[in-house]
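The residues making up each chain are set out below.
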Amino acid sequence: MKYTLVTGASAGIGEALARKLAQRKHNLVLVARNAEKLAEMRKQLQQQYGIQVAFIAADLSKPDAADQIFRETQQQNWEIDALVNNAGIGSGGEFATLSLASELALLQLNNASLVAMTHLFLKPMRERRRGTIINVASMAAFAPIPYMATYAASKAFVRAFTEAIAEECQPYGVHLMLFAPGLTKTNFNESAGINNEKSIGLSSDYQTAVHQTAEEVADELLQAWDTKKQFYVSGRRNRLGFRLVALMPHTTIARYMARSYRKKLAQQSLPS
Ligand SMILES: NC(=O)c1ccc[n+]([C@@H]2O[C@H](COP(=O)([O-])OP(=O)(O)OC[C@H]3O[C@@H](n4cnc5c(N)ncnc54)[C@H](OP(=O)(O)O)[C@@H]3O)[C@@H](O)[C@H]2O)c1
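About the thresholds
- Residues numbered from 1 in each chain as written.
- Predicted model: local features only at pLDDT ≥ 70, side-chain atom pairs only at ≥ 80, totals over all residues.
- Heavy atoms only, no water.
- Helix = DSSP H or I, 4+ residues; strand = E, 2+ residues; numbered from the N terminus.
- Rg over C-alpha atoms; globule rule 2.2 N^0.38 Å.
- Buried < 20%, exposed > 50% of the residue type's maximum accessible area, 1.4 Å probe, protein only.
- Contact = heavy atoms within 4.5 Å.
- Areas by Shrake-Rupley, 256 points an atom, 1.4 Å probe, with all protein chains shown as cover.
- Lys, Arg positive; Asp, Glu negative; His and termini not counted.
- Charge placed at Lys NZ, Arg CZ, Asp CG, Glu CD.
- 1 Å grid on protein atoms, 1.4 Å probe; cavity = no way out; pocket = protein on both sides within 12 Å on 5 of 7 lines; lining within 4 Å.
- Points joined across faces, edges and corners; volume = space filled by probe spheres on them.
- Nonpolar A, V, L, I, M, F, W, Y, C, P; charged D, E, K, R; others polar.
- Near = heavy atom within 4 Å.
- Polar contact = N/O pair within 3.5 Å; in protein donor to acceptor, adjacent residues only side chain to side chain.

Colleague: I keep staring at the overall build of the protein chain and nothing clicks. Help me out?
Modeller: Along its length, the protein chain carries 9 helices and 9 strands. Over its C-alpha trace the protein chain gives a radius of gyration of 19 Å, about what one expects of a compact globule, namely 19 Å for 272 residues. Seen through its C-alpha atoms, the protein chain measures out along the principal axes to roughly 60 × 40 × 35 Å. A buried classification covers 48% of the 272 residues belonging to the protein chain. Taking as baseline every contact in the protein chain between residues at least 6 positions apart, the subset at least 24 positions apart corresponds to 73%. Carbon and sulfur atoms make up 52% of the accessible area of the protein chain, which amounts to about 13900 Å² in all. For the protein chain, the separation between the mean place of its 31 positive charges and that of its 23 negative charges on side chains is 5 Å.

And the structure:
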């Protein structure tokens, strides 16, 4: 039986996507750490849509997680026809002051596990000459971002990696897509610690900043999937931003962002 596997399915964009895929009658394998939430979603989606839903509770910031997930799908005979590598975490603040262990765990989750999942699930897709892999990057993939340096660099990696493999996969009938959301209202900032005291200047106020909801982002992802896009930026304003960023040197963007972050931080530190 064919399944779509979604990582980071317990919250935010991944959860919204899983719910929309269930409406479209995809059988699902849900992956995240929160087993309780995944079990609840399994029960609800199976009852509501009459589909098969399985889940694997796994921590993709651990080096052996992708292998364990792949082995479980093989043992259970779940044919993974589509894979959405959506799980990801951010980090914010002055790089030298951040925990090195957390930065390296971010790279394991956002990059190494994504590469491992792509590698493991791509092989059977190539043999079947069919399949889809969607890697979720970010607007942060398109320029360096001071005070979010590791996160932005991790998403730049996802972009370059996915664009290259997408072309390699053309002759095998396997569709790869790089999907880049912009600011989306989820738990992302809280999980990344971007709302803490040191990095408050990085957080965007959802009341005033232009953002999409997770449901809007999931809808755009599905439209891009339906039309077999290899590269897709979610949100009209983000697409415009992407075009503008492409015209500017990275050094200029980085300097501007660093200055505006320091200015914002200084304003926040002033006694009112
Ligand atoms: N929100 C934004 O503004 C935004 C903008 C651009 C790109 N993105 C990208 O969109 C993707 C989804 O983000 P989101 O906004 O939906 O974030 P979110 O609401 O924080 O959800 C993140 C999901 O990833 C899972 N996850 C986190 N760490 C994990 C780990 N170590 N192992 C396995 N699963 C893990 C979480 O589940 P558990 O906690 O249960 O593990 C959750 O299901 C990320 O790749 C992010 O970089 C987000």
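Colleague: Is there a simple way to explain empty space enclosed by the protein in this structure?
Modeller: Leftover empty space is mapped by rolling, across the atoms, a probe with the size of a water molecule. Applying the stated criterion across every chain, the model contains 1 cavity of 30 Å³ or more. What the largest cavity holds in volume is close to 60 Å³. Lining of the largest cavity is provided by Thr7, Leu60, Asn85, Asn86, Ala87, Leu109, Ser113, Leu114 and Met117. Class assignment of the residues belonging to the lining of the largest cavity gives a composition of 5 nonpolar, 4 polar and no charged.

Colleague: Where do I start with the site of the ligand in this structure?
Modeller: Close to the ligand lie 30 residues; Arg33, Asp59, Asn86, Tyr151 and Thr186 are nearest. Between an oxygen atom of the ligand and a side-chain N or O atom of Thr186, the distance comes to 2.6 Å. Contacts to the ligand include Asn187, whose backbone N or O atom sits 3.4 Å from an oxygen atom. Broken down by class, the residue content of the shell around the ligand amounts to 14 nonpolar, 13 polar and 3 charged.

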